[in-house]
Amino acid sequence: MIFFMYFCIQHKSLLLMKIRFSIQYRTEWGQQLAILITYRQQDGAERTANIPMLTEDGESWTAETSVLASRRSPIESFTYLYIVEDNSGHELRREWSLVPRVFAFDSTKIYTMADHWRDLPLHSHVYKAPYQLSQGEIFLETVRAKVFSLFRKTVMFRVSAPQLSTSQQLAIIGSHPALGAWNPARFLPMESIGMGDWMTTLNVDWIGMPLEYKYVVVDKAKHELVAWEEGDNRQITEELGDGEVYVTYDEPLRMAERTWRVAGVAVPVFALRSEHSCGVGDFGDLKRLVDWASETGMRAIQLLPVNDTTVRGEWGDSCPYCIVSAFALHPHYLDLEALGTLKDKKRMTDYRRQQRELNALSYCDYEAVHRVKMGYVSELFQEQGEKTLSTKEYAEWEKENEEWLAALDKYHESLSQEVTPMLSRFIQYHLHCQLKSVTDYAHSKGIFLKGDLTIGVCKESADGVEHPEYFHLDMLAGSPPDTFSMQGQVWGFPTYNWQTDNGQYQERDSALHASGGKDIYEWYRSRIQYMAQYFDAIRIDHVLGYFSIWEVPCEQLFGIMGHYSPALPFTRGDIEYFGLPFRRDMLTRPFINDRIIDRIFGMHAKYVRDNFLTRKAYGLYDLNEEVSTQRKVKELFEGKGDENSLWIRDGLYRLVANVLFVEDPHQPDSYHPRVLAYKEPVFEALTEDERDAYMRLYNNFFLQRHSFFWGRNGYELLNRLFGDTRMLVCAEDLGAMPECVEPVLDSLHILTLEVQTMPKQSGIEFTHLDANPIRSVATISTHDMSPLRLWWEENPERTQRFYTTMLQKQGRAPEHLPAHLAEEIIARHLYSPSMMCILSLQDWLAMDSELWNKNPREERINIPGSDYHRWQWRMHLNIEELLKAEKYNKKIKMMVSRSKRA
């Protein structure tokens with residue numbers, strides 16, 4: 001140290017700065033605390049260090065660091081956070097850091113940081129954009145390293161108080177006259193530094209310790225004390241040395257936040273209809289919907305994904321979840337009126353005629369809309385493109401988004417599409433401007449948009465072409481069999497390559513970072529950050545996929561041939577431990593004998609034996625190579641639609657699936673029990689003891705084996721991806737969920753989705769709305785379900801039970817849902833404890849017989865598991881008509897207000 005100080009003296013161009021840290025944190029054996037600190041110089045340069053901490057009791061941790069800085073470019077601020085590491089230096093945990101610990105730095109001072117570990121706050125939603133919007137403004141994007149006056153001995157106070165409104169200010173009152181001597185009229189005002197944090201400094205050169213104090217809320221305009229925080233007095237007992245700045249980053253303000261409850265509407269953009277749209281909803285219509293939401297007192301508008309899904313401009317592209325870019329927006333959502341008009345008046349007349357024809361349809365004709373809108377945009381680009389692309393605003397946007405724009409260019413080239421790179425960028429720029437305009441307009445009315453984050457991207461997407469290493473391209477995501485699909489589902493997009501190692505998420509190759517590339521986590525976080533410029537809340541589609549995704553080999557067609565990933569497949573030893581003899585061919589290859597052939601194929605049995613099977617010993621058969629997978633079977637029978645061909649084809653599908661285990665594609669000599677294999681003929685070929693052993697290992701695998709493993713994976717991945725977003729995060733967690741999902745979502749404060757007719761507890765048919773968690777979104781139906789009026793008519797027996805038990809009505813339930821009962825059901829949802837109540841537009845309209853669609857069967861958006869379904873639903877009335885429905889709008893506004901969701 002003497003040499004170090006001598007070195008600094010001899011080199012007068014260098015400055016020596018010292019920072020001391022102390023924190024209370026109880027670690028477990030083998031764990032240690034460390035500090036990740038980043039110094040920022042005046043020239044913008046940054047350097048980061050990992051500082052190990054010391055302890056004598058495993059609870060009180062300290063560290064001291066000195067840093068050299070140049071006088072020419074001194075350190076102006078530093079940011080740090082605490083992490084927990086194991087003995088090998090691997091990070092196990094880090095504290096909550098959405099609001100960073102950032103401080104301005106004075107090289108002439110010694111800083112003492114008296115800290116406490118920051119877990120995710122219990123009221124974490126107050127740091128999110130939707131809550132802040134309700135308070136009058138959205139927090140600054142970051143905390144400012146604000147410079148405060150420093151003295152010979154300084155105490156720097158900092159505290160989080162996000163629950164304050166824009167008309168309020170924080171202040172301190174304490175035991176010493178410098179803090180007002182507890183006089184309510186002599187408080188010490190504090191200054192906001194952003195994101196709900198407040199700071200000030202106090203000269204304690206002449207103040208003896210201990211010093212007691214409390215934080216108080218002050219009315220900005222009147223300069224009067226409004227409220228004292230609750231709890232005991234806070235205290236500083238440290239005696240300070242000369243030149244010391246004692247920084248006390250206190251626990252958050254002890255004051256209850258305002259109860260935050262909102263109501264909203266869920267509707268796809270493509271389903272919107274106005275007098276100005278062109279056969280499909282667009283961002284101009286979305287702005288008009290904001291006006292309607294404002295009229296009704298709603299604060300949230302939930303959308304389906306708005307990403308581009310265009311492959312060929314055909315009906316197969318209509319699913320909003322089959323996206324071709326994680327960033328690009330869908331060209332169909334361009335507001336043509338806002339885009340501009342063509343110089344050729346005759347062409348404009350033709351387009352306006354086509355617009356009226358498309359808008360007159362009761363549904364969204366995807367192919368016709370694509371043809372008309374893309375034709376119009378292409379012509380307009382020829383006239384205006386050069387002017388737009390030469391603007392300063394476009395240049396800035398292009399530079400900021402060049403990475404994904406370049407990937408989108410390659411995607412268009414790979415499909416040999418007529419969309420040129422410049423036309424594509426012209427479209428995306430205007431889409432960005434229009435959607436951002438909607439977001440800003442919604443904010444001006446106190447309304448926020450809730451986006452939808454798809455679980456995957458298409459295999460041939462721009463992201464898949466540019467970053468194939470991010471995906472398992474030989475696997476497709478899907479779902480196991482459920483009430484929607486007895487064969488399971490295959491969704492057509494590859495699963496992510498998170499590069500897990502026994503559940504621990506690892507950083508990608510360091511060479512990738514050295515070359516300036518992104519790893520998959522950085523790419524995914526950039527995707528989330530990109531959405532945050534438009535949306536203040538986000539729905540995580542299929543949240544179970546972040547714990548473990550159901551993946552199906554590309555050569556198979558049905559979800560029953562899939563397996564969970566990541567997972568803990570069985571080894572040979574594991575299988576034999578349960579009492580099942582390991583015979584690889586018997587367990588993993590299709591089991592085919594004459595009895596099975598005759599049962600499945602009937603009169604076609606001989607034909608199948610002769611043409612598709614190879615006889616083996618002991619009366620068994622193998623599938624020929626040309627039918628060894630379900631995809632090969634499909635290709636072989638392509639174009640054959642006669643009854644006999646279909647019978648044989650479906651029978652061959654079943655033979656391929658007649659296995660007890662599927663092999664893990666990533667881990668050799670590891671095996672997953674094939675889901676529902678006990679219903680297949682191969683199960684009957686086992687002895688009674690073998691069947692018992694198989695069911696023991698089957699139940700262990702699907703019900704017990706993965707709970708902790710998946711819970712750890714889900715927590716680490718969700719926290720890593722969404723932990724620092726300003727958007728309010730909501731999960732789609734419907735259907736059968738492992739028991740680990742609920743506690744992980746709760747610990748991360750991710751809102752759950754609650755549907756009364758889809759209870760998460762087994763053994764009950766409907767849930768009681770009063771039991772909804774506070775951190776949840778209550779809804780009646782989703783886009784994958786029948787809307788309320790259709791649901792009411794589909795199953796009269798179920799409806800009668802709901803009518804009697806949930807609505808507590810006597811007598812027979814009406815055959816068709818009357819408006820007054822729909823209003824009662826909606827009101828019950830509004831009064832539920834859920835933080836958000838977002839209902840589909842169809843369900844909101846169900847309480848007005850003059851406005852609802854006369855045919856409820858036309859209101860369903862999607863039928864899960866259907867390969868031929870078209871996403872074509874549109875509102876049957878215009879938004880302008882909704883805005884004129886004053887009586888109806890006033891009723892909604894009153895219901896929203898009375899349920900305290902305004």
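Heads up: the structure comes first, above all this text.
Okay, so let's go over this structure. What you see as residue numbers is a count from 1 along each chain, following the sequence as written. Side-chain atom pairs in this predicted model are given and counted only at pLDDT of 80 or more, local residue features only at pLDDT of at least 70, and totals for whole chains, interfaces and linings cover all residues. Only hydrogens and water are set aside; all other atoms, that is, all heavy atoms of the structure, feed into the side-chain values.

The four strands are arranged E24-E23-E29-E30 in an open sheet whose pairing can be described as antiparallel. In the strand order of this sheet, the two ends are held by strand E24 (489-490) and strand E30 (563-565), each with one partner. When DSSP locates at least two bridges between a pair of strands, those strands are taken to pair. Secondary structure elements follow DSSP: runs of H or I of four or more residues count as helices, runs of E of two or more count as strands, with numbering from the N terminus.

With that settled, the discussion passes to the environment of Thr588. Relative to the helices and strands, Thr588 resides in helix H14 (residues 584-588). When a residue's accessible area, from a 1.4 Å probe over protein chains only, is under 20% of the maximum for its type it is buried; when over 50% it is exposed; and in between it is partly exposed. A relative accessible area of 14% places Thr588 in the buried class. The spacing of Thr588 and Phe157 is 431 residues in sequence and 66 Å in space, taken between C-alpha atoms. Any two residues whose heavy atoms approach within 4.5 Å at even a single point are treated as in contact. Those residues within four positions of Thr588 in sequence are excluded, and the remaining contacts are Val659, Phe661, Glu663 and Tyr671. What qualifies as a polar contact is a pair of N or O atoms within 3.5 Å, subject to a donor-acceptor requirement within protein and to the restriction that residues adjacent in sequence count only when both atoms come from side chains. A distance of 2.6 Å separates a polar atom in the side chain of Thr588 from the backbone oxygen of Arg584.

Ring geometry is summarised as follows: Phe, Tyr and Trp rings, the Trp one being its six-membered ring, pair when their centres sit within 6.5 Å, and such pairs are stacked at plane angles under 30 degrees, edge-to-face over 60 and tilted between the two. The tally for this structure, following the rule as stated, stands at 62 aromatic pairs. Relative to Phe702, the ring of Phe701 lies with its centre 5.1 Å away and its plane at 75 degrees, an arrangement referred to as edge-to-face. Here Phe702 falls in the partly exposed class, since its relative accessible area comes to 22%. The lysine or arginine in question, Lys287, covers the ring of Tyr441, its NZ or CZ lying 5.7 Å from the ring centre. Counting as a charge over the ring demands two things of the Lys NZ or Arg CZ atom: a distance within 6 Å of the ring centre and an angle within 35 degrees of the ring normal. Here the basic side chain of Lys640 rests over the ring of Phe637, its NZ or CZ set 5.4 Å away from the ring centre.

Turning our attention to the nonpolar core. By convention a nonpolar core is built from buried Ala, Val, Leu, Ile, Met, Phe, Trp, Tyr and Cys residues, the set being connected through side-chain atoms within 4.5 Å. Counting residues in each nonpolar core, the largest one holds 189 residues, and the members touching the most others are Tyr546, Leu652 and Leu718. In this structure Leu652 touches Phe601, Val608, Phe612, Leu623, Val627, Val633 and Phe637, once residues within four positions along its chain are discounted. Membership of the second largest hydrophobic core comes to 58 residues, among which are Ile35, Val84, Met113 and Ala266.

Turning to the environment of Ser294, a few remarks are in order. Structurally, Ser294 is set in helix H3 (residues 283-296). Considering only alpha carbons, one finds Ser294 and Val262, 32 residues apart in sequence, at a separation of 12 Å. Setting aside anything within four residues of it in sequence, one finds Ser294 in contact with Lys445 and Ile447.

Once that is clear, we can look at helix H16 (residues 605-612). For H16, the complete set of buried residues consists of Ala605, Val608, Arg609 and Phe612. The arc that holds every buried residue of H16, seen down its axis, measures 115 degrees, which confines them to one face. Facing away from the buried side of H16, by more than 90 degrees, are the exposed residues Lys606 and Asp610. In this structure, the buried side of H16 is in contact with helix H15 (594-601), strand E31 (613-615), strand E32 (621-623), helix H17 (630-636) and helix H18 (643-656). This arc describes the spread of directions from the helix axis toward the C-beta atoms.

Below, the discussion takes up empty space enclosed by the protein. Cavities and pockets were defined on a 1 Å grid built over protein atoms only: a cavity is a set of grid points that admits a 1.4 Å probe from which the probe cannot escape, a pocket is an open set flanked by protein on both sides within 12 Å along at least five of seven lines, and lining residues are those with an atom within 4 Å of any such point. Grid points are joined across faces, edges and corners, and a volume is the space filled by probe spheres set on the points. Scanning the model with the defined rule gives five cavities of 30 Å³ or more in all. For the largest cavity, the lining is made up of 14 residues, of which Phe270, Ser318, His330, Tyr333 and Tyr366 are closest to its centre. Residue composition of the lining of the largest cavity, grouped by class: eight nonpolar, five polar and one charged. Just so you know the grouping, Ala, Val, Leu, Ile, Met, Phe, Trp, Tyr, Cys and Pro go in nonpolar, Asp, Glu, Lys and Arg go in charged, and all remaining residues, Gly too, go in polar.

Looking now at the side chain of Glu880. With respect to the secondary-structure elements, Glu880 resides in helix H27 (residues 879-884). The positive count covers Lys and Arg only, the negative count covers Asp and Glu only, and His and the chain ends enter neither. When a carboxyl oxygen of Asp or Glu is within 4 Å of a side-chain nitrogen of Lys or Arg, the pair counts as a salt bridge. One buried charged residue, Glu880, forms no salt bridge at all, with the nearest opposite charge on Arg288 at 4.4 Å. At a separation of 3.2 Å, a polar atom in the side chain of Glu880 contacts the main-chain amide nitrogen of Glu275. Filtering out sequence-adjacent residues up to four positions away, Glu880 remains in contact with Arg273, Ser274, Glu275, His276 and Arg288.

Spatial strand order, E35-E28-E21-E20-E19-E38-E37-E36: eight strands in an open sheet with parallel pairing. The two strands at the open ends of the sheet, each matched to only one other strand, are strand E35 (728-731) and strand E36 (752-755). In this sheet, neighbouring strand axes are inclined to one another by 25 degrees on average, regardless of whether the strands run parallel or antiparallel. In terms of strand pairing, strand E28 (residues 537-540) meets E35 through four bridges, oriented parallel. Bridge assignment links Arg539 to a residue of E35, and that residue is Cys730. Working convention: axes come from line fits to C-alpha atoms, limited for helices to the stretch in contact. Angles between N-to-C directions cover 0 to 180 degrees.

Residues of strand E8 (residues 101-104) alternate between two faces, with Arg101 and Phe103 on one and Val102 and Ala104 on the opposite face, all of them buried. In this structure, strand E6 (residues 75-86) lies alongside E8, joined through four bridges in antiparallel fashion. For Tyr80, the partnering residue across the bridge sits in E8 and is Arg101.

Keep in mind these numbers describe shape, not what the thing actually does.
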